[in-house]
Amino acid sequence: QVPWLGVAVLSDEEALARPTPAGEVSSPSSSCTAAPASMLNEALGALDGVLMVHMRGLSSDLHRTMYQAFVRMCAAYARWKRLSRERRRAEAQGDEGGGEQGRRS
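Here the structure is a predicted model, which means the values were calculated and not measured.

Here the focus is the overall build of the protein chain. In terms of regular secondary structure, the protein chain is built from 2 helices and 0 strands. A burial count over the protein chain gives 2% of its 105 residues as buried. Of the roughly 9300 Å² of accessible surface on the protein chain, a fraction of 61% belongs to carbon and sulfur atoms.

This is the structure:
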């Protein structure tokens, strides 16, 4: 099945089970006698199986990579937050001491 293209390769049993919408001409393969699976259909089914395995692997890798990037960003944010808090404290203590000296002169 290729839903993003709106295409699906159905087996003969699935094609027979699916009702034909009004106004649509039924194809010869959807006749009452089920024809044996064609080699093209088997090849497409095998290719679909292989592609789906690879697609699931890629999706899993993508999710893992995105999660790792998210964890790294959270760790970097926590480090930045801690360092900026310490820097603000140091500046506040420096301003208190430096501000009084500046006013005296």
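Right, let's get into the pattern of salt bridges. Under the definition given, this model contains 1 salt bridge. Among the ionic pairs, Asp61 bridges to Arg64, the shortest N-O distance being 2.8 Å. With Asp61 and Arg64 both in helix H2 (residues 39-104) and 3 residues apart, the pair spans about one turn of that helix. By relative accessible area, Asp61 is classed as partly exposed at 38%.

Glancing now at the packing of aromatic side chains. Overall, the coordinates contain 1 aromatic pair when judged by the stated rule. With a centroid separation of 5.8 Å and an interplanar angle of 35°, the aromatic rings of Tyr77 and Trp80 are classed as tilted. A residue pair is termed a helical-turn pair when its members lie 3 or 4 positions apart in one helix, as Tyr77 and Trp80 do in helix H2 at 3 residues. Note on Tyr77: relative accessible area 49%, which makes it partly exposed.

The next point concerns a positive patch on the surface. On the surface, a cluster of positive charge is contributed by Arg79, Lys81, Arg82, Arg85, Arg88 and Arg89. Locating Arg79 in the fold gives a position in helix H2.

Next up on the list: the confidence of the model for the protein chain. Counting all residues, the mean pLDDT for the protein chain is 75, and 56% of those residues have values of 70 or more. For residues 25-35, every residue scores under 50 in pLDDT, and the model assigns this stretch 7 contacts once sequence neighbours within four places are set aside.

A few words now on a nonpolar patch on the surface. A cluster of nonpolar side chains, Leu40, Leu44, Leu47 and Leu51, forms an exposed patch at the surface whose accessible area comes to about 380 Å². With respect to the element layout, Leu51 can be found in helix H2.

Criteria and cut-off values
For every chain, the first residue of its written sequence is number 1, and the numbers climb from 1 along that sequence. Only residues with pLDDT of at least 70 are given local features in this predicted model, and only at 80 or more are side-chain atom pairs given and counted; all residues enter the totals for whole chains, interfaces and linings. In computing side-chain values, all of the structure's heavy atoms are included and hydrogens and water are not. Starting at the N terminus, helices and strands are each numbered in turn, a helix being any DSSP run of H or I of at least four residues and a strand any DSSP run of E of at least two. Each residue gets one of three labels from its accessible area relative to the maximum for its type: buried under 20%, exposed over 50%, partly exposed in between, using a 1.4 Å probe on protein chains only. The Shrake-Rupley method, run with a 1.4 Å probe sphere, supplies the accessible areas, and residue values consider only the shown protein chains as cover. Salt-bridge detection follows one rule: a side-chain nitrogen of Lys or Arg within 4 Å of a carboxyl oxygen of Asp or Glu. Geometry of aromatic contacts follows a simple scheme: Phe, Tyr and Trp rings, the Trp one being its six-membered ring, pair when their centres are within 6.5 Å, and the pair is stacked under 30 degrees between planes, edge-to-face over 60, tilted otherwise. To count toward a patch, a residue needs a relative accessible area above 30% and no salt bridge. Like charges then connect within 9 Å, nonpolar side chains (Val, Leu, Ile, Met, Phe, Trp, Tyr) within 5 Å. Neither His nor the chain ends contribute to the count of charged residues, in which Lys and Arg are positive and Asp and Glu negative. Here the site of a charge means NZ on Lys, CZ on Arg, CG on Asp, or CD on Glu. For every residue, the predictor states its confidence as a pLDDT score lying anywhere from 0 to 100. Any two residues whose heavy atoms approach within 4.5 Å at even a single point are treated as in contact.

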